[in-house]
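# What the coordinates show
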Amino acid sequence: MILNMKKILSLTLLYLFISLFCSIGNTVDLCKQFTEKSYKSKMYLKEKKFIDDSLLKFANSKEIATLADSLLTEFINAKSPTLFSWLKTRNFENEKEEIIATQWRLYFAKNFILADYPTKDNTINQLIINLNEDIAKFIFNKSYKTKLEKVFSKIQELSIKKINSYPIEIKIKTILSKKITKIKLHWLVKFEDSNFRNHPLEFLDWGFAYDPTHNSINIGVHALNYPFNVNLDSILAHEIGHAFDSCRWTQENPKIEWPFKKVGNCLRSEASINAKLRDDNLLEQEFKKGKISDEVYSFLKNNLTCNKSNYPPIGTQSDQLPETFADWFSAEVMSEIKKVSENVRYDLCENNHINPGSSYISNSERLFGIYYSNPILKSKLGNKILNTKIYCDIN
Ligand SMILES: [Zn+2]
């Protein structure tokens, strides 16, 4: 009898050990595959090559190369510390001269030409327009657009379904549903008619971005980083969340309390992901110094969870509620999908560095603290995920 008891006990312990080991194993595996497969690099190779080639052609064009080369010569003659630090940060000190020259032209084209659009030179402006239009036409062909529009319609529908399931007033549900229904995906076709017309780098350097002025989701070339079969839908749901995040809501509905206040308070708590408040300690000082206009100052005072490009300054804490809320809403929408992929936010498996004061929390906090803490998502993934934070329930 005693022997049997011992046997049962040891078998139970063995079972517990195995299940615990498997759970941890699976948790790790969710992201382990990410680095092994590195899905990003295998996607859309042809399209990525086209972008690289187009940028190189642009940087080597007579007009731009002449400017780049003369600035490089100037820097070399002046033994410029800027040039030395540029070489050092890229480990180019022992690189061949031709490679350095090409990389310099590419750097110059991006940071001195594209960032400065419209330039004073009309020929260069036309090169910029052609570059953007050619890339957009090649990478976002009809089949890509049709496919993405289809995914987006589905996510819009699920977002409204989720909103309607919440215990909030009909009046508020109507505001939210109308807003969501009107969101459009924005594709660059004619550069000068596009939402990117003042900022070509937002097309060339970004993926998906909610644009409050047009209530659209602007599609930049980095959209290619998100494969259809993995997590494009959760990215789109995140962008939809920005249409009524804490910052957007207070601007558009200053007299109505944000319907997700309870969720917001929870996201701010330590039991959840401890989304940081905007640090306003420097606000008065920056305003008095004239670094912030009257308009921005009163905007910040009226919209406490919003961040502006010039406040908080680099290193000072930005508000993290809008970004964490968008993730929370994305997880809510994903929980409506019958067969949700284990890789619901595969891109967040990438270990990232968060700059002090960032409006983002780290990728692993986003994944484990928000996405996987959603109980429906968690159970759909077989409850394999450990170390999650509490779920921020609207009920
Ligand atoms: Zn976002």
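Residues numbered from 1 in each chain as written. Predicted model: local features only at pLDDT ≥ 70, side-chain atom pairs only at ≥ 80, totals over all residues.

### Some thoughts on the overall build of the protein
Looking only at helices and strands, one finds 18 helices and three strands in the protein. Expressed as a percentage of the 395 residues in the protein, the buried residues total 30%. For the protein, the share of sequence-separated contacts (at least 6 apart) that also reach a separation of at least 24 residues comes to 69%. (Helix = DSSP H or I, 4+ residues; strand = E, 2+ residues; numbered from the N terminus. Buried ≥ 20, exposed ≤ 12 C-beta atoms within 10 Å, placed from the backbone. Contact = placed C-beta atoms within 7 Å.)

### Here we look at the sheet that holds strand β2 (residues 208-211)
As summarised here, the arrangement of the three strands in space is β1-β3-β2, forming an open sheet in which the pairing is mixed. Each of the sheet's edge strands pairs with one partner strand only, and the pair in question is β1 (184-186) and β2. Between one strand axis and the next, the sheet turns by 30° as a mean value, whatever way the strands run. Pairing geometry for β2 and strand β3 (residues 216-219), over four bridges, is antiparallel. Along β3, the bridge assignment pairs D211 with S216. Docked against the sheet, helix α11 (residues 232-241) engages β2 and β3, running at close to 20° with respect to β2. (Pairing = 2+ DSSP bridges. Axes fitted to C-alpha atoms, helices over the stretch in contact; angles between N-to-C directions.)

### With respect to the packing of α11 against helix α16 (residues 321-334)
For the pair α11 and α16, the least separation of the axes is 7 Å and the interaxial angle reads 130°. Taken together, α11 and α16 sit at an angle that is classed as oblique. By crossing handedness, the relation of α11 to α16 is classed as right-handed. Judged by residue contacts, S234, A237, H238 and G241 of α11 engage F325, A326, D327, F329, S330, V333 and M334 from α16. Broken down by class, the residue content of the contact of α11 with α16 amounts to six nonpolar, four polar and one charged. (Parallel < 35°, antiparallel > 145°, perpendicular 65-115°, else oblique. Left-handed = near helix turned anticlockwise from the far one by under 90°. Nonpolar A, V, L, I, M, F, W, Y, C, P; charged D, E, K, R; others polar.)

### Remarks on unusual backbone geometry
Residues other than glycine predominantly adopt negative phi, and peptide bonds predominantly adopt the trans conformation. Residue P118 follows Y117 across a cis peptide bond; omega there is -5°. Tracing the backbone shows P118 in the loop between α6 (97-113) and α7 (122-139). Omega for the bond connecting Y311 with P312 falls within 30 degrees of zero, at -5°, which places this linkage in the cis form. Within the element layout of this structure, P312 appears in the loop between α15 (294-302) and α16. Not every positive phi belongs to a glycine, and N91 is a case in point at roughly 55°. Along the polypeptide, N91 turns up in the loop between α5 (81-89) and α6. For N91, a count of 8 C-beta atoms within 10 Å corresponds to the exposed category.

### Observations regarding the environment of P356
Relative to the elements of secondary structure, P356 occurs in the loop between α16 and α17 (363-371). With 38 residues separating them in the primary sequence, P356 and S318 have C-alpha atoms 9.2 Å apart.

### Some remarks on the packing of helix α4 (residues 62-77) against α6
It is the contact of α4 with α6, at a shortest axis distance of 9 Å, that shows an interaxial angle of 105°. The angle between α4 and α6 falls in the class roughly perpendicular. Residues I64, A65, A68, L71 and L72 of α4 lie in contact with α6, whose contacting residues are W104, R105, F108, A109 and I113. Residues that form the contact of α4 with α6 fall into these classes: nine nonpolar, no polar and one charged.

### A word on helix α13 (residues 261-268)
When we look at burial in α13, the residues that qualify are V263, G264, C266 and L267. Along the axis of α13, the buried positions cluster into a sector of 160°, meaning they face one direction only. Contacts from the buried residues of α13 go to α12 (246-252) and α16. (Arc of directions from axis to C-beta.)

### Things to note about the nonpolar core
Judged by nonpolar contacts, the single largest core of 66 residues is most densely connected at L236, L267, F325 and W328. Considering each element in turn, this core owes the most residues, eight residues, to α16. Contact partners of W328, with chain neighbours within four places excluded, come to V263, L267, I370 and C392. With five residues, the next largest nonpolar core counts C247, I292, L300 and C306 among its residues. (Core = buried A, V, L, I, M, F, W, Y, C linked by C-beta atoms within 7 Å.)

### Examining the pairing of β2
Burial along β2 is one-sided: F208 and Y210 are buried, while A209 and D211, pointing the other way, are not. The turn linking β2 back onto β3 is made up of four residues, and N215 within it adopts a positive phi angle of 45°.

### Let's talk about the pairing of β3
Alignment of β1 against β3, held across three bridges, turns out to be parallel. Opposite K184, over in β3, you have S216 as the bridge partner.

### Considering the confidence of the model for the protein
Residue-level pLDDT values for the protein average 88, and 88% of them are 70 or greater. Here residues 11-28 scores under 50 on pLDDT; set against residues more than four positions off or in separate chains, the count is seven contacts. (pLDDT = per-residue confidence, 0-100.)

### What to know about the environment of K62
Mapping K62 onto the fold places it in helix α4. Residue class for K62 comes out exposed when judged on the 9 C-beta atoms lying within 10 Å of it. Here the alpha-carbon distance between K62 and I124, two residues 62 residues apart in the chain, equals 9.9 Å.

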